[in-house]
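In case you want the letters, here they are:
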Amino acid sequence: MSDSMSDTTDSTANAGPRPDPLVIRHLEYLGPMATLDGWRPETTLPEVAFVGRSNVGKSTLLNKLMKRKAFARVSNTPGRTREIHLFNVNHHFVLADLPGYGYARISKARKAEWRPLIEGFLRDSVNMRGVVQLLDIRHDPTDDDFTMLDFLAELGVPTIFAVTKVDKLKRHEVAARVKALSNQLGLDIDQIVPFSGQTGEGRDDLAQALMELLALPDWRTTP
Ligand SMILES: Nc1nc2c(ncn2[C@@H]2O[C@H](COP(=O)(O)OP(=O)(O)OP(=O)(O)O)[C@@H](O)[C@H]2O)c(=O)[nH]1
Ligand SMILES: [Mg+2]
């Protein structure tokens, strides 16, 4: 009918802002996990883990993603958090905030500490459905970033890359850096989400990518 045809035309013409892919209706701190054989929440919800070098802007990104001012603490003393912090989001998934790795100013021995807990957690978690790895737009990936990237690739877990602090560069510099990073990391450009905790740029793109990650079939049981 002509009515419905004009409706269709109208809705295409005025697409408008897209709806929020991740409206936070419920956000609950479940607790910290400090050791691999220690406490871990009893839940069958799918899990998503956030990993990145210390000071990369992970807490800032999580606050923007959750639309909370102080959901994750933004620190002036990097490299402090040594536990995995777990949250129930919307009774839909568990968000795992992993300790930042490779902070430059801590000793070599302390630096290596992150690997057993982080890698063990990611490897052993039967509900782990995806990982978001953060990188700073301004810097080339460090050895620790490559260690993490290789570990995730070997594990085979679906991974999204968020490049943080894009507000610190000019627009054309961002595009050039994203291209350079995609080459260095061997990724498609569309696997990388540019993000700014300052302006909120990329928040909905990341939320959308996260929802898509959670909708994927379980990588552990899918050949
Ligand atoms: N301009 C700008 N600054 C940012 C952004 N994200 C984080 N920062 C700043 O970078 C510093 C570190 O941010 P955090 O969010 O605490 O980083 P983190 O990765 O959680 O750090 P740790 O938990 O200490 O390992 C803070 O001073 C933030 O204000 C961003 O997108 N833009
Ligand atoms: Mg932090």
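Moving on to helix H6 (residues 171-185). Given a rise of 1.5 Å per residue, 15 residues ought to cover 21 Å, and the 21 Å separating the end C-alpha atoms of H6 matches this to within 8%. Among the residues of H6, Val174, Arg177 and Leu181 are the ones counted as buried. Relative to the axis of H6, the buried residues are bounded by an arc of 70° and lie together on one face. Those residues of H6 that are exposed and angled more than 90 degrees off the buried face are His172, Ala176, Lys179, Ala180 and Asn183.

This brings us to the nonpolar core. Within the largest apolar cluster, 48 residues are counted, with the highest numbers of intra-cluster contacts made by Ala49, Ala96, Ala162 and Val163. Once residues within four sequence positions are removed from consideration, valine 163 is found in contact with Leu135, Ile137, Val178, Leu181, Ile192, Pro194 and Phe195.

Predicted confidence across the chain gives a mean pLDDT of 87, with 84% of residues reaching 70 or more. Segment residues 1-12 is flagged for pLDDT under 50; beyond a separation of four residues in sequence, or across chains, it makes 0 contacts in the model.

Right, let's get into the pairing of strand S4 (residues 93-97). Across the 5 residues that make up S4, a large majority, 5, are buried. Alternating positions in S4 separate into two faces, Phe93, Leu95 and Asp97 on one and Val94 and Ala96 on the other, with burial throughout. When strand S2 (residues 47-52) meets S4, the two strands line up parallel, connected through 4 bridges. Along S4, the bridge assignment pairs alanine 49 with alanine 96. Bridge count between strand S3 (residues 84-89) and S4: 5 bridges; the pairing is antiparallel. Looking at the pairing, asparagine 88 lines up with valine 94 of S4. Linkage of S3 to S4, two consecutive antiparallel strands, is achieved through a turn of 3 residues, within which asparagine 90 is found at a positive phi near 60°.

Cut-offs and rules
Residues numbered from 1 in each chain as written. Chains lettered and ligands numbered in written order. Predicted model: local features only at pLDDT ≥ 70, side-chain atom pairs only at ≥ 80, totals over all residues. Helix = DSSP H or I, 4+ residues; strand = E, 2+ residues; numbered from the N terminus. Expected span 1.5 Å × (residues − 1). Buried ≥ 20, exposed ≤ 12 C-beta atoms within 10 Å, placed from the backbone. Arc of directions from axis to C-beta. Core = buried A, V, L, I, M, F, W, Y, C linked by C-beta atoms within 7 Å. Contact = placed C-beta atoms within 7 Å. pLDDT = per-residue confidence, 0-100. Pairing = 2+ DSSP bridges.

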